[in-house]
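The primary structure of each chain is shown beneath.
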Amino acid sequence: MSEAVDPNKRFVEFEAGQVVMKEGTLGEGLYILMSGELEVLVKGVKVAQINAKGSYVGEIASLLRCRRIATVKAVTPCKFLIVGNITRYFEENASAALGIAQTLAARIMDMNSKIVAYQGEIGKWVQQGEDAIKSQDLSPFTAMLREMQKLLHESKPEAKAED
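Bear in mind the structure is a predicted one, so any value in this text is a computation, not a measurement.

1. Thoughts on the packing of aromatic side chains
Next, step 1: According to the stated counting rule, one finds three aromatic pairs in the structure shown.
Next, step 2: Considering the side-chain rings of Tyr31 and Phe80, the 5.4 Å spacing of their centres and the 75 degrees angle between planes classify their relative orientation as edge-to-face. Here Tyr31 is found in strand E3 (residues 30-35), whereas its partner Phe80 is found in strand E8 (residues 78-83), with 49 residues between them in sequence. Neither residue differs from the other here; Tyr31 and Phe80 are each classed as buried.
Next, step 3: Each member of the aromatic cluster is reached from another via a ring pair, and the members are Phe14, Tyr31 and Phe80.
Next, step 4: The ring of Phe11 has Lys79 sitting right over it, with the charged end atom 4.9 Å from the ring centre.

2. Quick word on the confidence of the model for the protein
Next, step 1: Of all residues in the protein, 90% attain a pLDDT of 70 or more, and the chain-wide mean is 85.
Next, step 2: Within the model, the stretch residues 159-163 combines pLDDT values under 50 with four contacts to residues more than four positions away or in other chains.

3. Section: the pattern of salt bridges
Next, step 1: Under the counting rule described, the total for this entry stands at five salt bridges.
Next, step 2: In this structure, the salt-bridge partner of Arg107 is Glu59, at a minimum N-O distance of 2.3 Å. Of this pair, Arg107 sits in helix H3 (residues 94-135) while Glu59 is found in helix H1 (residues 59-64), placing the two residues 48 residues apart along the sequence.
Next, step 3: Residue Arg107 is classed as partly exposed on the basis of its relative accessible area of 30%.
Next, step 4: Overall, Glu59 belongs to the buried group, its relative accessible area being 4%.
Next, step 5: Here Lys114 makes a salt bridge to Asp110, at a shortest N to O gap of 3.3 Å.

4. A few points about the sheet that holds E3
Next, step 1: Pairing is antiparallel across the open sheet formed by four strands, whose spatial order is E1-E8-E3-E6. Of all the strands in the sheet, the pair left with one neighbour each is strand E1 (9-14) and strand E6 (56-57).
Next, step 2: Pairing geometry for E1 and E8, over six bridges, is antiparallel. Each bridged residue has a counterpart across the sheet, and for Phe14 the counterpart in E8 is Cys78.

Parameters and conventions
Residues numbered from 1 in each chain as written. Predicted model: local features only at pLDDT ≥ 70, side-chain atom pairs only at ≥ 80, totals over all residues. Heavy atoms only, no water. Phe/Tyr/Trp six-rings, centres within 6.5 Å; stacked < 30°, edge-to-face > 60°. Helix = DSSP H or I, 4+ residues; strand = E, 2+ residues; numbered from the N terminus. Buried < 20%, exposed > 50% of the residue type's maximum accessible area, 1.4 Å probe, protein only. Lys NZ or Arg CZ within 6 Å of the ring centre and 35° of its normal. pLDDT = per-residue confidence, 0-100. Contact = heavy atoms within 4.5 Å. Salt bridge = Lys/Arg side-chain N within 4 Å of Asp/Glu carboxyl O. Pairing = 2+ DSSP bridges.

In structure tokens form, the structure reads like this:
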């Protein structure tokens, strides 16, 4: 007996270097990573590397019916299960809805910790700048600029790829 084909789900594959989804485009479906490794870029800045089987991408556009908020590129050959109707998928798979909620919660926690760390660095730089101005010794600005460059280099925008 053959298995029925679900029109709400389909598999798709991407080669290393291919764009899976592009920031600003209309989203079609929720992508579930079956194999491979991805990088996620927002405004050209790499914000995540994903390689865990079952990871979700494209969930925000699917849930909010909005444009994609990130570009996702295949780092290695990738295979995805694409779910077209996310509402129906969640009605049929309550555990998937919980999985998405957990994924989004983990991403919020990660963003919050990064924001706090960046705020701490900025506060330190402001204090160093004020101290340097008061003492009229501008040499601390050199160290601050190096720290800023290092931080910016870690989140340097990727070169634009031809799509």
